[in-house]
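Working through the structure, step by step
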Amino acid sequence: MSAVVRRPVAFVAAIVLCAEAVGIVVVGGILATVVGNQDMSLAGLEPSAMVDGAWAMGGVFGLYLLLCGLVLLLTGIRDRAPGRIGRIALITCAVVHGVLGALTVGLVGWAAFASLMVVLGLIVLALVAYGPESGSGRTAEDAEPNAPAPV
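Per chain, residues are indexed from 1 in the order of the written sequence. At least 70 in pLDDT is required for a residue's local features to be given in this predicted model, at least 80 for side-chain atom pairs to be given and counted, and no such filter applies to totals for whole chains, interfaces and linings, which use all residues. The basis for every side-chain value is the complete set of heavy atoms in the structure, and neither hydrogens nor water enter the calculation.

**Focus: the packing of helix 3 (residues 84-107) against helix 4 (residues 110-129)**
- Axes, fitted as lines to C-alpha atoms, cover a helix only where it is in contact. Angles between the N-to-C directions of the axes lie from 0 to 180 degrees. A run of H or I in DSSP becomes a helix once it reaches four residues, and a run of E becomes a strand once it reaches two; helices and strands are each numbered from the N terminus. Where helix 3 contacts helix 4, the axes come no closer than 9 Å and their chain directions differ by 160°. Judged by the inter-axis angle, helix 3 sits roughly antiparallel to helix 4. When you trace helix 3 past helix 4, the crossing you get is left-handed. Taken together, the residues of helix 4 that come into contact with helix 3 (itself represented by Arg87, Leu90, Ile91, Cys93, Ala94, His97, Gly98, Leu100, Gly101, Thr104 and Val105) are Trp110, Ala112, Phe113, Leu116, Met117, Val119, Leu120, Ile123, Val124 and Leu127.
- Note that Gly is not counted as nonpolar here; it falls among the polar residues with everything else outside the nonpolar set of Ala, Val, Leu, Ile, Met, Phe, Trp, Tyr, Cys and Pro and the charged set of Asp, Glu, Lys and Arg. Partitioned by chemical class, the residues of the contact of helix 3 with helix 4 number 16 nonpolar, four polar and one charged. Any angle from 65 to 115 degrees is called roughly perpendicular, while one under 35 is roughly parallel, one over 145 is roughly antiparallel, and all others are oblique. Left-handed describes a crossing whose near helix is turned anticlockwise from the far helix by less than a right angle; the clockwise case is right-handed. Any two residues whose heavy atoms approach within 4.5 Å at even a single point are treated as in contact.

See the structure below:
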């Protein structure tokens, strides 16, 4: 895949993940507000602990999505494949979007499912576009003597 397609995909995916991070923090805040206003305990747990947990969930997941967005932004700027840690973060982000999409279709509806699948598609497309062939710049002649030839 050429750089003409790779870079815009990485940039769009980064923007979408950053917007999704803001949305997750807002949803966590709304959830914390609702739980705080109800002033009820769950199995003896203090309401303030549930409020703090809702804020923590929204904040941690929002930071995770921002990290993945930053990895994609740097990938697009450098036009190089992300490193091992960045690739792992993007793969886990794609898996989370797939699982959430499967759960969302029954709980929220098809529109939410479609939006999660679009984000999943952008992440996977960015991962495939910056695969081993595009990022390494190595050919079959440069490979180690006993290594199998790339497919």
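Further notes follow.
**Quick look at the layout of surface pockets**
- Both site types are read off a 1 Å grid over the protein atoms alone. A 1.4 Å probe that fits but cannot get out defines a cavity, while an open set with protein on both sides within 12 Å along at least five of seven lines defines a pocket; lining residues have an atom within 4 Å of a point. Grid points are joined across faces, edges and corners, and a volume is the space filled by probe spheres set on the points. The volume enclosed by the largest pocket comes to roughly 290 Å³.
- Lining the largest pocket are 13 residues, and of these Glu20, Ile24, Leu100, Thr104 and Leu116 lie nearest its centre.
- Listed by contribution, the elements that provide at least two residues to the lining of the largest pocket are helix 1 (3-38), helix 3 and helix 4.

**Thoughts on the packing of aromatic side chains**
- Any Phe, Tyr or Trp ring, taking Trp's six-membered ring, that has another such ring centre within 6.5 Å forms a pair; planes under 30 degrees apart are called stacked, those over 60 apart edge-to-face, and the others tilted. Evaluated as defined, the whole model comprises two aromatic pairs.
- Between Phe61 and Tyr64, the ring centres sit 6.1 Å apart and the planes meet at 20°, which makes this aromatic pair stacked. Of the two residues, Phe61 and Tyr64 both sit in helix 2 (residues 47-78), three residues apart, roughly one turn of that helix.
- Buried, partly exposed and exposed residues are distinguished by accessible area as a fraction of the type maximum, computed with a 1.4 Å probe on protein chains only: under 20%, between the cut-offs, and over 50%, respectively. For Tyr64, a relative accessible area of 22% translates into the label partly exposed.

**Considering the pattern of salt bridges**
- For this document, the term salt bridge refers to a Lys or Arg side-chain nitrogen within 4 Å of an Asp or Glu carboxyl oxygen. With the rule as written, the count across this model stands at one salt bridge.
- Close ionic contact of Asp79 with Arg6 constitutes a salt bridge, the shortest N to O distance being 3.3 Å. Highlighted residues: Asp79 in the loop between helix 2 and helix 3 and Arg6 in helix 1, separated in sequence by 73 residues.
- Accessibility expressed as a relative area gives 23% for Asp79, which makes it partly exposed.
- The class for Arg6 is buried, based on a relative accessible area of 10%.

**Focus: helix 4**
- Over its 20 residues, helix 4 extends 28 Å from the first C-alpha to the last, a length consistent with the 28 Å expected when each residue adds 1.5 Å.
- By the burial criterion, the buried members of helix 4 are Ala112, Leu116, Val119, Leu120, Leu122, Ile123, Ala126, Leu127 and Ala129. By definition here, a helix of n residues has an expected span of 1.5 Å times n minus one.

**Concerning the side chain of Thr104**
- As for its position among the elements, Thr104 is in helix 3.
- Here Thr104 falls in the buried class, since its relative accessible area comes to 12%.
- Polar contact criterion, stated in full: a pair of N or O atoms within 3.5 Å, where within protein one must be able to donate a hydrogen and the other to accept it, and residues adjacent in sequence count only if both atoms are side-chain atoms. At 2.4 Å, the side chain of Thr104 and the backbone oxygen of Leu100 are in polar contact.
- Setting aside residues up to four positions removed in sequence, Thr104 forms contacts with Gly109, Ala112, Phe113 and Leu116.

**Examining the state of the cysteines**
- When two cysteine sulfur atoms are found within 2.5 Å, that pair is recorded as a disulfide. Tallying each qualifying case throughout the model produces zero disulfides.
- With no disulfide of its own, Cys68 lies 4.0 Å from the sulfur of Cys93, the closest cysteine sulfur.
- A relative accessible area of 0% places Cys93 in the buried class.

So, to be careful, I would describe these as geometric facts and stop short of saying anything about function.
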